[in-house]
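As a plain string of letters, each chain reads:
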Amino acid sequence: MTVTTRVASAPMFDPVHETMSRDEIQTLQLQRLGQTLGHAYDNVAHHRQSFGARGIKPQDIRSLDDLRHLPFTSKLDLRDSYPFGLLAVPRERLARIHASSGTTGKPTVVGYTKADLETWAALGARTMATVGVRPGDLVHNAYGYGLFTGGLGFHYGAEHLGCTVTPMSGGNTEKQIAVISDLGATVLACTPSYALNIAELAEKEGIDLASGPLRVAVFGAEPWSEAMRSDIDRRLGLRAQDTYGLSEIMGPGVAAECGERNGLHGWEDHFLFEIIDPATLEPLPPGEIGELVITTLTKQALPMVRYRTRDITRLRTEPCRCGRTHVRLDRITGRSDDMLIIRGVNIYPSQVESVLLDRDGIQPHYLLVVSRQGALDHLTIEVEADPMLPDGDYLRVGADIRHHIKSLIGVTCDVVLKTPGELPRSLGKAVRVKDLRKA
Ligand code: DLL
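## Digging into the pairing of strand 7 (residues 239-246)
No. 1: Extensive coverage of strand 7 is indicated by the burial of six of its eight residues.
No. 2: In the sheet, strand 6 (residues 216-219) pairs with strand 7 via four bridges, with the strands oriented parallel. Bridge pairing in strand 7 places Val218 opposite Gln241.
No. 3: What sits between the antiparallel neighbours strand 7 and strand 8 (residues 251-257) is a turn of four residues.

This is the structure:
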């Protein structure tokens, strides 16, 4: 049976699982949850201890609702057990290791058995098909290859779907552009900020990627805004689609946006999604915004129990017009640890981005500089001027942005217009915040 999505018109990769009824999904989840908890408890001392501290045994979890009684796992637990302490299989059974660098301390090491890699490839294929990639597409993969999960994760996903993959990895943007146009790539896989970098350089070199065969961009790995989407859609002549994932859970391929562009379907046959209030740690009902918590249901090497992602979103369970029945995650607005509190106002860099991209006279390259002025935090937005903007207009444009940030986000800030090319360009995940308070 081939079911087609209404908008992107790419067939589902796994229609049987992607369209299960809610009852079927929940029955499968409960059964797999039991297996995962037993596996984690029997084979990982950390989980045994943290269950024990709450007086819980895996068999006490009899319904999905009981999940709330289980302890959380955090990035700190992975760091404390660095490198292999949370593995539920002997190291020798790992077929591959990845790591996420993070900004402080030791990296987080994650491992996969052969079966885990097969699951990942299948979910990668499902994810790519969901965003509109088809078998036979030529996928230019500019996600970083190496310890980062983006490159190899999408590589095997694309191969599994039946695509041709160019394993470019990140960097050397000039060469990327030549390869995209010489080989006739139809799909671009990279971070949205790096796609912007590609678009900018191509325009500078007079290479018109927008009229070429590029059709879909498989984005993810960092927050980005609707305004950024329209900009990239237009400049590269494709449909930019969002995907979500994280190393601790698997890598890319945990959730994907369908052609409806109305949230990302989280693959519930492999993961259990919850939203908690990060202050009280209590689960929140569907529709409420909070921190995403994920429990893996099929992972062998590194089963995760209620992993606190720190990512802020909400879950929606109403049916999607694409026909997929899996829960939808709203676009991730940011991580709880990226949130800035400027004079009491909570803001995420992606909110600032939305305002910036709606203004004239600037380019979508920006940096938020947070400093301390006396007892108060102060925000300075550095943003690049459009090359066509006359020097004499810099102050006026800066004041216009300042006004809109104040009226739309409610925060007072300084805006400094930089000359074109002055801010560093992204080669992978963009750095959007420079926090001088920590210096
Ligand atoms: O970034 C995995 C990935 C690669 C996802 C390629 C999608 C595409 P990590 O390096 O472990 O793994 O970083 C995970 O990145 O907790 C989020 O904060 C952020 N993130 C990932 N996808 C999105 C997204 C990969 N679509 C962390 N929107 C996550 C916003 C995202 N943030």
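## A look at the sheet that holds strand 18 (residues 362-373)
No. 1: With mixed pairing, the four strands of this open sheet are ordered in space as 20-19-18-21. The sheet terminates laterally at strand 20 (413-418) and strand 21 (433-435), the two strands that pair on one side only. Taking the axes of each pair of neighbouring strands and ignoring which way they run, one obtains an average angle of 20° across the sheet.
No. 2: By the bridge criterion, six bridges tie strand 19 (residues 376-385) to strand 20 in an arrangement that is parallel. Bridge pairing links Glu382 to Val416 in strand 20.
No. 3: Along the sheet, helix 10 (residues 349-357) makes contact with strand 18, strand 19 and strand 21, crossing strand 18 at roughly 135°.

## Observations concerning the packing of aromatic side chains
No. 1: Under the definition given, this model contains five aromatic pairs.
No. 2: Geometrically, the ring pair formed by Tyr112 and Trp120 is stacked, given 4.7 Å between the ring centres and 5° between the ring planes. This pair shows no difference in class: Tyr112 is buried, exactly as Trp120 is.
No. 3: With centroids separated by 5.1 Å and ring planes inclined at 25°, the aromatic side chains of Tyr143 and Phe154 adopt a geometry described as stacked. One end of the pair, Tyr143, is in the loop between strand 3 (138-141) and helix 6 (149-161); the other, Phe154, is in helix 6, and eleven residues separate them in sequence. The two residues Tyr143 and Phe154 agree in class, both being buried.
No. 4: Seen from the ring of Trp267, Arg126 lies directly overhead, with NZ or CZ sitting 4.9 Å from the centre.
No. 5: Arg308 extends its terminal NZ or CZ atom over the ring of Phe72, reaching a point 6.0 Å from the ring centre.

## Quick look at the sheet that holds strand 14 (residues 328-329)
Strand pairing in a sheet relies on backbone hydrogen bonds. The paired strands run either parallel or antiparallel.
No. 1: Taken in spatial order, the nine strands line up as 4-3-5-6-7-8-9-14-13 in an open sheet, and their pairing is mixed. The open sheet is flanked by strand 4 (164-167) and strand 13 (315-316), the only strands paired with a single partner.
No. 2: Bridging between strand 13 and strand 14 involves two bridges; their strand directions are antiparallel. Across the sheet, Arg316 pairs through a bridge with Arg328, a residue of strand 14.
No. 3: Helix 5 (residues 114-131) contacts strand 3, strand 6, strand 7 and strand 8 of the sheet and is inclined by roughly 30° relative to strand 8.
No. 4: Sheet contacts for helix 9 (residues 226-236): strand 5 (187-189), strand 6, strand 7 and strand 8; angle to strand 7, the most-contacted strand, approximately 125°.

## So, the side chain of Ser81
No. 1: Examined against the element boundaries, Ser81 turns out to sit in the loop between helix 4 (75-80) and strand 1 (96-100).
No. 2: We classify Ser81 as buried; its relative accessible area is 16%.
No. 3: Within the local environment of Ser81, its side chain forms a polar contact with the backbone oxygen of Leu78, the two atoms lying 3.3 Å apart.

## Some points on the confidence of the model for the protein chain
No. 1: Averaged over the protein chain, the pLDDT score is 94; the fraction of residues at 70 or greater is 97%.
No. 2: In the model, residues 1-8 has pLDDT below 50 throughout and makes 17 contacts with residues more than four positions away in sequence or in other chains.

The rules we used
Residues numbered from 1 in each chain as written. Predicted model: local features only at pLDDT ≥ 70, side-chain atom pairs only at ≥ 80, totals over all residues. Heavy atoms only, no water. Buried < 20%, exposed > 50% of the residue type's maximum accessible area, 1.4 Å probe, protein only. Helix = DSSP H or I, 4+ residues; strand = E, 2+ residues; numbered from the N terminus. Pairing = 2+ DSSP bridges. Axes fitted to C-alpha atoms, helices over the stretch in contact; angles between N-to-C directions. Contact = heavy atoms within 4.5 Å. Phe/Tyr/Trp six-rings, centres within 6.5 Å; stacked < 30°, edge-to-face > 60°. Lys NZ or Arg CZ within 6 Å of the ring centre and 35° of its normal. Polar contact = N/O pair within 3.5 Å; in protein donor to acceptor, adjacent residues only side chain to side chain. pLDDT = per-residue confidence, 0-100.

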